[in-house]
Amino acid sequence: MLWIASRLTRKFSTSSIYYQNKLKLALIGQSLFGQEVYSQLRKDGHKIVGVFTVPDKDGKADPLATAAEKDGTPVFKFPRWRVKGKPIPEVVDAYKSVGAELNVLPFCSQFIPMNVIDNPKHGSIIYHPSLLPRHRGASAINWTLIHGDKSAGFSIFWADDGLDTGPLLLQKECPAEPNDTVDTLYNRFLFPEGIKGMVEAVQLIADGKAPRVPQPKEGATYEGIQKKSNAKISWDMSASAIHNWIRGHDKVPGAWTVINGQAVTLYGSSLLDAPVPSGQPLEIEGAPQPGLITNNGLVLFGCDGKPLVVRNLQFDDGKMIPAAKYFSTGETTTLTLTEEEMKTAEQIKVIWKGILTNVPKIEDSTDFFKSGAASMDVVRLVEEIKEKCNGLQLQNEDVYMATTYEEFIQMVVRKLRGEDKEEEIIIDHVTKNVNNLTVKMPYQCFINGRFVDSENGKTYDTVNPTDGSVICKVSYASVADVDKAVAAAKDAFETGPWGSMNARDRGRLLYKLADLMEEHQEELATIESIDSGAVYTLALKTHVGMSVQTFRYFAGWCDKIQGTTIPINQARPNHNLTFTKKEPLGVCAIVIPWNYPLMMLAWKSAACLAAGNTLVLKPAQVTPLTALKFAELSVRAGIPKGVINIVPGSGGLVGQRMSEHPDIRKLGFTGSTPIGKQIMKSCAVSNLKKVSLELGGKSPLIIFNDCDLDKAVRMGMGAVYFNKGENCIAAGRLFVEESVHDEFVRRVVEEIKKMRIGDPLERSTDHGPQNHKAHMEKLLEYCEIGKKEGATLVYGGRQVPRPGFFMEPTVFTDVEDHMYIAKEESFGPVMVISKFKDGDMEGVLQRANDTEFGLASGVFTRDISKAMYISERLEAGTVFINTYNKTDVAAPFGGFKQSGFGKDLGEEALHEYLRTKAVTVEY
């Protein structure tokens, strides 16, 4: 990229920036782009001495002319500058009369004579939407896409007598994404950055620092103007080449083919990575095989047999339809508008009238395009509706599909009512009828907004712990899949809409995602039950319920992330200002455990996304299904592609690659301490990425003899057996004061005997299966060790004799401090009880803290002074007093010592996914 750094002398004021050097400029051109360049140059202090643009069309002035006339700038509207190749003298004289020092041509469709180009002191500069010398000519953006260029950009060059051959002044480059169209590339980069580039180029000239770099001969190409007549699709190309041809002509002039004897223009192409869905065959003239009309559009095939999908079709009469509706009758019911919808319709009518100034009255039959509207008017219509109709989001293609005012209003109302929602992604669900529901579960990797098989095609079985049956096969992600996911997340962060999105809009999308999760809560809870063994009622309330709360909480934080203003010593006679900014990190990796599959996803990803990052998430290998369902809901919520990526697979392969990947800037992990240490090491060695770890625990719960014993028994059991004991903050060791010890144990056993063990989908079930077979076997071994070391097994310790992975709730007493079960976490329904002498508060505190873990802790006592003293002395990230398991989305959660560092939940969680930048200004 050619880029010239210039040091500009500026004075700061509350209204604008004034440059030391200013020029008298003539703007020659047209369009909204020309208008924006004009406005910005005026704002920056340059004097526009004349605007030379095209005549009015159908009584409507060009946007550049409209802006200039409003400001009182002289405007000249010449239909042409030359006749039979010779300059028109009166036109040239009118131009020379303004006394310009530089001609600026942001976009110009007219041929300008050389005696005009060379007249000013500084000559003329032209904007061209390609990286010259590649793609000279009038269809540069089209050819960038048609050729499948990996990079796009623009050039600003000094005009000479050749065609786009003058010396280069400035160039800027951007990636050309695989599914970019002329519109997306222009709107994302060429338009906004082109305006900045033109302004920068003018200032370089004003400051005498503008280069003149001869264009290289190597790589030079020239392509002619693309017209409808030569935009017909050739079917002897590969799917990738056909896709490039279609998107390179989208929207103008439009790639076309012949279907049923008539020319049909194709829009909205994308390559199809997923399996080809079923559909109705459609014969296409010259195509190697019939297309397929599917729910997602028209699937086409290249000569290589690979598929692509086209979203919209346009016929000779200008009518555009979704390709999926090609075989439908096209008849729709006319909606009756509510009073509020009528008000919206009137607002839109005013907008139409403002654009179609040549139309005396907007009628139902008024056709937007037949009334003289052009492609830039489509952009204006979409943006004005967004601004004036409560942020209503339309796409350009919506206008092309509803060209009359009546059709347009009906389309808008359907969008407002949510009736336009259609499947936009191809999902090959596994469907099961279970829990009185039809549950639809994605099973493939989710990368860049699509569900795709793993690159090597490998799968593995995910198992229902209730009976040991296989639920379905799930894609087994490879290192290559991780790399694709990271690349998609990086692209989404750096060049996609997510990175530049208004924080409030980001929050709106997260609120919508939370609403969709709530709408699908029964389905999510059912999937969680069959995949992880969670009791359905608990899954509904906690696994899913708290996940919804978490996303809503962090959605509210999106537009409240703030820096600070810091007073510093002044560098007299100047003044200084220092302030900090909180910025997202970039691509974040998240690795979650199997005990709360959806909730752990929410705890980490909600904060990550609220901060503005993108993510690649690896669910636990044994519980991938709710994460993949979440991915589906994220698409329906409108989260842009690449922002969320889900790669199921093994920790040793997928997790390790994530910890080593150089483009990942943060990794959040919940799991075991040994794995956490390995991740931390890999993150340090690779690129010193930021890490937060929520690791193992052996949380102590101290029960004093002055407690409410009924409450202590009830909550003590919850502290151990909640979620089958598969709970990171479970009370791994209970210390019970001697005088109440035996009564406490008796009541616990009595209550255990009342617990109903069974199918987690049964509403009366209290205790479901352990998550997977290997874990249950580990728990049985844990109990055997406890017995061998001399602890007393009071209850349980065995597998329940029934299909599935059920473990009896277990109670051990007489547990001494040196025993294995006193030190190591079971992560299951095993209550480990130790006795302490009455009144020995310091002794029990020392024993409670005699562990390398420090995730959570608890104390039961009626003495609030004692409780507060204990809470100050306990070495744990969370202390519960006369309660347990009481987590809340607003309260920070995380451990001390080898239970890890960093926080989930609350405001502190945001800081795990932000960086602080200090900015100091002298003025």
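Residues numbered from 1 in each chain as written. Predicted model: local features only at pLDDT ≥ 70, side-chain atom pairs only at ≥ 80, totals over all residues. Heavy atoms only, no water.

Notes on the overall build of the protein chain
If you tally the helices and strands in the protein chain, you get 27 helices and 42 strands. Each principal axis of the C-alpha distribution contributes one length, and for the protein chain these read about 110 × 80 × 60 Å. Split into buried and exposed, the 923 residues of the protein chain put 55% on the buried side. Counted over contacts in the protein chain with a minimum sequence separation of 6, partners at least 24 positions apart contribute 69%. Carbon and sulfur atoms make up 51% of the accessible area of the protein chain, which amounts to about 39600 Å² in all. Side-chain charges of the protein chain comprise 106 positive and 113 negative groups, with the mean position of each set lying 4 Å from the other. (Helix = DSSP H or I, 4+ residues; strand = E, 2+ residues; numbered from the N terminus. Buried < 20%, exposed > 50% of the residue type's maximum accessible area, 1.4 Å probe, protein only. Contact = heavy atoms within 4.5 Å. Areas by Shrake-Rupley, 256 points an atom, 1.4 Å probe, with all protein chains shown as cover. Lys, Arg positive; Asp, Glu negative; His and termini not counted. Charge placed at Lys NZ, Arg CZ, Asp CG, Glu CD.)

Topic: the sheet that holds strand β4 (residues 47–53)
Pairing in this open sheet of seven strands is mixed, and the strands run β5-β4-β3-β8-β9-β10-β11 from one edge to the other. The open sheet is flanked by β5 (75–77) and β11 (168–175), the only strands paired with a single partner. The mean angle between the axes of side-by-side strands here comes to 15°, regardless of whether they run parallel or antiparallel. In the sheet, strand β3 (residues 24–28) pairs with β4 via five bridges, with the strands oriented parallel. Across the sheet, the residue bridging to L27 is V51, located in β4. Packing against the sheet, helix α2 (residues 63–71) makes contact with β3, β4 and β5, and its axis sits at approximately 150° to β5. Against the sheet, helix α6 (residues 182–206) engages β3, β8 (102–105), β9 (124–128), β10 (151–158) and β11, with an angle of about 155° to β11. (Pairing = 2+ DSSP bridges. Axes fitted to C-alpha atoms, helices over the stretch in contact; angles between N-to-C directions.)

Observations regarding unusual backbone geometry
Trans is the prevailing form of peptide bonds, just as negative phi is the prevailing case for residues other than glycine. In the segment running from L132 into P133, the intervening peptide bond is cis, with an omega of 15°. The residue P133 is located in the loop between β9 and α5 (140–146) in this model. Non-glycine residue N260 carries a positive phi angle of around 55°. Topologically, N260 is positioned in the loop between β12 (255–259) and β13 (262–271).

Some remarks on the pattern of salt bridges
One pass over the structure, following the stated rule, counts 39 salt bridges. Between D706 and K866 there is a salt bridge, and its shortest N-O distance comes to 3.4 Å. One end of the pair, D706, is in the loop between β32 (699–703) and α21 (709–721); the other, K866, is in helix α26 (residues 864–873), with 160 residues separating them in the sequence. For K866, a relative accessible area of 17% puts it in the buried group. (Salt bridge = Lys/Arg side-chain N within 4 Å of Asp/Glu carboxyl O.)

A few points about the packing of aromatic side chains
The tally for this structure, following the rule as stated, stands at 27 aromatic pairs. Considering the side-chain rings of F52 and F76, the 4.7 Å spacing of their centres and the 10° angle between planes classify their relative orientation as stacked. Separated by 24 residues along the polypeptide, F52 in strand β4 and F76 in strand β5 bring together distant segments of the chain. Residues F52 and F76 agree in their burial class; the two are buried. The rings of F33, Y127, F154, Y186, F189 and F191 are connected pair by pair, giving a single aromatic cluster. The aromatic ring of Y913 is capped on one face by K666, whose charged end is 3.8 Å from the ring centroid. For the cation-ring pair, R802 lies above F806, with the distance from its terminal atom to the ring centre recorded as 4.3 Å. (Phe/Tyr/Trp six-rings, centres within 6.5 Å; stacked < 30°, edge-to-face > 60°. Lys NZ or Arg CZ within 6 Å of the ring centre and 35° of its normal.)

Re the pairing of strand β33 (residues 731–737)
Here is the key point about a regular strand: its side chains alternate between the two faces of the sheet. Judged by how many residues are buried, β33 sits mostly within the fold: seven of seven residues are covered. Strand direction decides the pairing type here: β32 and β33, joined by five bridges, are parallel. Bridging across to β33, I702 finds its partner in F735. Between the parallel elements β32 and β33, the chain passes through α21 in a crossover that is right-handed. (Right-handed = clockwise from strand over helix to strand, strands pointing away.)

Description of the sheet that holds β33
Spatially, seven strands are ordered β34-β35-β36-β33-β32-β38-β39 in an open sheet, and the strand pairing comes out mixed. Looking at which strands have only one partner, the edges of the open sheet turn out to be β34 (792–795) and β39 (878–881). Neighbour to neighbour, the strand axes of the sheet diverge by 20° on average, direction disregarded. The pairing of β34 with strand β35 (residues 810–813) spans three bridges and is antiparallel. Across the sheet, T792 pairs through a bridge with T813, a residue of β35. The strands touched by helix α22 (residues 738–752) within the sheet are β32, β33, β34, β35 and β36 (830–836), with β33 carrying the most contacts at an inclination of about 130°. The strands touched by α26 are β32, β38 (856–860) and β39; relative to β39, the strand with the most contacts, the crossing angle is about 165°.

Quick notes on the UniProt feature "site: Essential for catalytic activity" (unreviewed entry) in the protein chain
The UniProt record annotates "site: Essential for catalytic activity" (unreviewed entry) at D164. Among the secondary structure elements, D164 is positioned in the loop between β10 and β11. Classification of D164 by relative accessible area gives buried; the value is 12%. Sequence-distant contacts of D164, defined by excluding residues within four places in its chain, comprise H128, L132, R136, G137, F157 and Q215. (UniProt positions renumbered as here; feature names shortened; annotations may be inferred.)

Details of helix α17 (residues 597–610)
End to end, α17 covers 20 Å across 14 residues, agreeing with the expected 20 Å (1.5 Å per residue, within 8%). If you look at α17, its biggest bend is around 25°, right at W603. Among the 14 residues of α17, 14 are classified as buried, and the element is accordingly described as predominantly covered. Positive backbone phi, at 100°, marks G612, one or two positions downstream of α17. (Expected span 1.5 Å × (residues − 1). Bend = angle between axes of the 7 residues up to and from the residue.)

Digging into the packing of α17 against helix α18 (residues 625–636)
When two helices pack together, their arrangement is given by the angle between their axes and by how far apart the axes lie. At a closest axis distance of 8 Å, the pairing of α17 and α18 adopts a crossing angle of 50°. Classified by the angle between their axes, α17 and α18 sit oblique to one another. Like other packed secondary-structure pairs, α17 and α18 cross with a definite hand, here right-handed. For the pair formed by α17 and α18, the contact residues are P597, L598, L601 and S605 on the first element and T626, A627 and F630 on the second. Considering only residue class, the contact of α17 with α18 consists of five nonpolar, two polar and no charged. (Parallel < 35°, antiparallel > 145°, perpendicular 65-115°, else oblique. Left-handed = near helix turned anticlockwise from the far one by under 90°. Nonpolar A, V, L, I, M, F, W, Y, C, P; charged D, E, K, R; others polar.)

Observations concerning the side chain of Q770
Residue placement: Q770 occurs in the loop between α22 and α23 (773–788). Look at Q770 and you get buried, because its relative accessible area is 0%. A distance of 2.8 Å separates a polar atom in the side chain of Q770 from a polar atom in the side chain of E726. The contacts of Q770, once residues within four sequence positions are left out, are P465, K724, E726, H775, M776, L779, F805, M807, G828 and P829. (Polar contact = N/O pair within 3.5 Å; in protein donor to acceptor, adjacent residues only side chain to side chain.)

So, the UniProt feature "domain: Carrier" (unreviewed entry) in the protein chain
What UniProt calls "domain: Carrier" (unreviewed entry) maps, in this numbering, to residues 339–416. Counted over residues 339–416, helix gives 63% and strand 0%. Its end C-alpha atoms are 13 Å apart.

What to know about empty space enclosed by the protein
The tally for this structure, following the rule as stated, stands at four cavities of 30 Å³ or more. Considering only enclosed or pocket space, the largest cavity measures out at about 70 Å³ in volume. For the largest cavity, the full set of lining residues is G697, K698, V720, G725, A730, A731, G732, E825, S826, F827, G828 and V830. In the lining of the largest cavity, the residues fall into five nonpolar, five polar and two charged. When its volume is computed, the second largest cavity comes out at roughly 60 Å³. Around the second largest cavity, the lining is made up of 15 residues, and of these P700, F853, G854, A856 and E875 lie nearest the centre. Taken together, the elements giving at least two residues each to the lining of the second largest cavity come down to β32, α25 (841–849), β37 (853–854) and β38. Looking at side-chain class alone, the lining of the second largest cavity contains seven nonpolar, five polar and three charged residues. (1 Å grid on protein atoms, 1.4 Å probe; cavity = no way out; pocket = protein on both sides within 12 Å on 5 of 7 lines; lining within 4 Å. Points joined across faces, edges and corners; volume = space filled by probe spheres on them.)

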